[in-house]
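Coordinates in review
Each chain is listed here by its residues.
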Amino acid sequence: MTFCLPGVGSLPKLWTSKSVWLGPGHSYLCLFLTDFCGVRNNQRWFSLKTTCLQNTKSINLLIAKARHFRKDEGRNKNVSSGFSDLFSAGAAKKRSQMNCQNKVHDLPSIKNTSQLPTEPLRLEDWDKLKEDFKGKVSFESWISSQMAHHHSSVDVAKSLLAWVAAKNNGLVGYDLLVKYLYLCVFHKQTSEVIDIYEIMKARYKNLEPGAYTLLIRGLSHSDRWREALLLLEDMKKVTIPSRKNYHDCIQGALLRQDVDIAWNLYQELLGHNLIPMLETLKAFFDLGKDIKDDYYSNKLQDILLYLRNNQLYPGESFAHSIKTWFESVPGQQWKGEFTTIRKSGQCSSCGKTIESIELSPEEYEFLTGKIMRDVIDGGDQYKKTTPWELRTFEKFVKSCPPFDIVIDGLNVAKMFPKARESQVLLELVSQLAKQNLRLLVLGRKHMLKKSSRWRKDEMEMVQKQASCFFADDISKDDPFLLYATLHSGNHCKFVTKDLMRDHKACLPDAKTQRLFFKWQQGHQLAIRNKFPGSKMIFQHILSYNTVVQTTGDSWHIPYDEDRVERYSYEVPTKWLCLHRKT
Ligand SMILES: [Zn+2]
């Protein structure tokens, strides 16, 4: 997998001058085509063989290039300043110390990234650097990875390429070329990107996704953005492009106001079941303020509904874009405010009531059915619970009237490590029983065996105030907890500090996961704290659903603040309230 760097007098010229590449007759593109005609028949992905014909002319020219560097020695005295401590007093000692370490750990000698060249090196400097390298991998591969990782300048990378080409009869490996491309894209050197694009186009029938991704990104910012779309098409022949690839192409199209292409790509992205990047959605809103047509406007509202259906929240700057767009719609008098929701579920800004967290009867039935079928009965992931034990439990639950609260006894009892477990459980049960709630405590058989942590008298008092089910010590609690709570009905809540994240991941599809999350938010009682001798305090259960929502003449959109890190099981607290001025 190599790329032939044909004879050139000046490498910078090779990379920058289009006439060199595209001129008729003597163009290097033509050289490629003739040199590689045998290879081009081999169209496997990644598959180009290294059968570059030796080109004496190219070697000679590259040698001339090396001389050119040497001639410039005087002028380029500080050419390797960032690298100079390798050659300065004390450096050899340092190096030998490093080499000693290397013998033990077999690490490359340049460990400190400050020793990566910061300016282009001459060929002999690269030779020296290579001599000092003691790593297991090839020097070229290692140094190019380091340079890519530390975002070295394009000029430095180019000098590495020149050196590699000089040593290898004008050959530069595909891998090295892609790393160079990465740096050009990173530093937004569009003309370099286009040159590499030309080389690759001529040289390879197909690329791997990494190179496609880089070229798409690089080209989408250039005047040749439409060619990024062609690359996307090529990519589709071998794999599904990523949401980033779509983002780049959509961004490119939106920058040129080609909205039809942008919406088509967006549709295609959804068609692949990819979740678009929030930046992509934001880009549509940002352009929207300059476009005054109903079609575009409806599409933007579809995006908001997409956020709703997928329980996604815009970030802060995206929320600003949404606000700006609404306020720009002519004749509709939208006004946006950043706000919070009161505990009662009312918007602090407009006073409207936010949707309830309660599941509708249809949603509840759907979720219950899925969990019973896919998770409790059919789930391989709960092998730790024997089917026999689960059936015994089902019979037990069906023989009891519905519960109000199901308690994960073991989990709750272990919440306060300094207190005795049976005592913690008893306090909780007594506190809830006083409120005339029907309780179910799920426990393990070992809790009934007398021990210092589990006192028999306390456990007997627990059993007097609550129904109890003690499972085998090896069972997992989750299926029991879910089954009992769901079976009891929509009013029933459960107590555990477990957030059941693993469990959620086992749910079969996105809709079930969303409903589960909503149900969990509305039904899980988490103990916030407890002081000795005092009551347990539960975390407040939100009465409203934190999700993008509309009533037609208002929108309420929860969003994530930039500086607040939110875990997947938490919901944002900040909202954008949009309403029409009356
Ligand atoms: Zn409001």
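Below or above, wherever it landed, is the structure these notes cover. (Residues numbered from 1 in each chain as written. Predicted model: local features only at pLDDT ≥ 70, side-chain atom pairs only at ≥ 80, totals over all residues. Heavy atoms only, no water.)

1. What to know about the overall build of the chain
- A count of helices and strands for the chain gives 26 helices and 13 strands.
- Here the chain, with 582 residues, has 49% of them falling under the buried criterion.
- In the chain, 71% of the contacts between residues at least 6 apart in sequence involve partners at least 24 apart.
- Roughly 28300 Å² of accessible area belongs to the chain as shown, and the carbon and sulfur atoms make up 52% of that amount. (Helix = DSSP H or I, 4+ residues; strand = E, 2+ residues; numbered from the N terminus. Buried < 20%, exposed > 50% of the residue type's maximum accessible area, 1.4 Å probe, protein only. Contact = heavy atoms within 4.5 Å. Areas by Shrake-Rupley, 256 points an atom, 1.4 Å probe, with all protein chains shown as cover.)

2. What about the coordination of the zinc ion?
- The coordination sphere of the zinc ion contains the protein donors Cys 347 (SG), Cys 350 (SG), His 556 (NE2) and Cys 577 (SG), at a distance range of 2.0 to 2.3 Å.
- In terms of primary sequence, the donors binding the zinc ion are separated according to C-x2-C-x205-H-x20-C. One end of the pair, His 556, is in strand S12 (residues 554-559); the other, Cys 577, is in strand S13 (residues 574-580), with 21 residues separating them in the sequence. Just as His 556 is buried, Cys 577 falls in that class too. (Donors = N, O, S within 2.8 Å, 3.2 Å for Na, K, Ca; no water.)

3. Some remarks on the nonpolar core
- Formed by 84 residues in total, the largest nonpolar core has its most connected members in Met 200 and Phe 284.
- Of all the elements, helix H10 (residues 174-186) adds the most residues to this core, at nine residues.
- Setting aside chain neighbours within four positions, we find Phe 284 in contact with Ile 250, Leu 254, Ala 262, Trp 263, Tyr 266, Tyr 296, Leu 300 and Ile 303. (Core = buried A, V, L, I, M, F, W, Y, C linked by side-chain atoms within 4.5 Å.)

4. Describing the environment of Leu 426
- In this fold, Leu 426 is placed in helix H22 (residues 421-433).
- Between the alpha carbons of Leu 426 and Ala 466 there is a distance of 10.0 Å; along the sequence they are 40 residues apart.
- Those residues in contact with Leu 426, other than ones at most four positions away along the chain, are Glu 458, Met 461, Val 462 and Gln 465.

5. So, the sheet that holds S12
- If you walk across this open sheet you meet the four strands as S3-S13-S12-S11, and the pairing is antiparallel. Two strands close off the open sheet at either side, each with one partner strand: strand S3 (334-339) and strand S11 (549-550).
- Where S11 and S12 come together, two bridges link them in antiparallel fashion. When the sheet's bridge partners are listed, Gln 549 is paired in S12 with His 556. (Pairing = 2+ DSSP bridges.)

6. Let's talk about the pattern of salt bridges
- Enumeration over the complete set of coordinates arrives at 26 salt bridges.
- Across the pair Lys 414 and Glu 421 runs a salt bridge, and its minimum N-O distance is 3.0 Å.
- You can call Lys 414 partly exposed: its relative accessible area is 44%.
- Residues participating in the shared-partner salt-bridge network are Glu 198, Lys 201, Arg 224 and Glu 227. (Salt bridge = Lys/Arg side-chain N within 4 Å of Asp/Glu carboxyl O.)

7. Details of the side chain of Asp 560
- Relative to the helices and strands, Asp 560 is located in the loop between S12 and S13.
- Among residues more than four places away in sequence, those in contact with Asp 560 are Tyr 313, Pro 314, Gly 315, Glu 316, Arg 566 and Pro 572.

8. A closer look at helix H23 (residues 456-465)
- Buried within H23 are the following residues: Glu 458, Met 459 and Val 462. Buried residues along H23 cover an arc of 100° about the axis, so they all sit on one side.
- The elements touched by buried residues of H23 are H22, strand S5 (439-444) and strand S6 (467-471). (Arc of directions from axis to C-beta.)

9. Describing the pairing of strand S4 (residues 405-408)
- Across the two faces of S4 the burial is the same, with Ile 405 and Ile 407 and Val 406 and Asp 408 all buried.
- Sheet analysis places S4 next to S5, joined by four bridges and oriented parallel. Opposite Asp 408, over in S5, you have Leu 442 as the bridge partner.
- Here S4 runs beside strand S7 (residues 493-495); their pairing, made up of three bridges, is parallel. Its bridge partner being in S7, Val 406 is matched across the sheet by Phe 494.

10. With respect to the sheet that holds S6
- Taken in spatial order, the five strands of this open sheet run S6-S5-S4-S7-S8, and their pairing is parallel. Each edge of the sheet is formed by a strand with only one pairing partner; in this case those strands are S6 and strand S8 (524-525).

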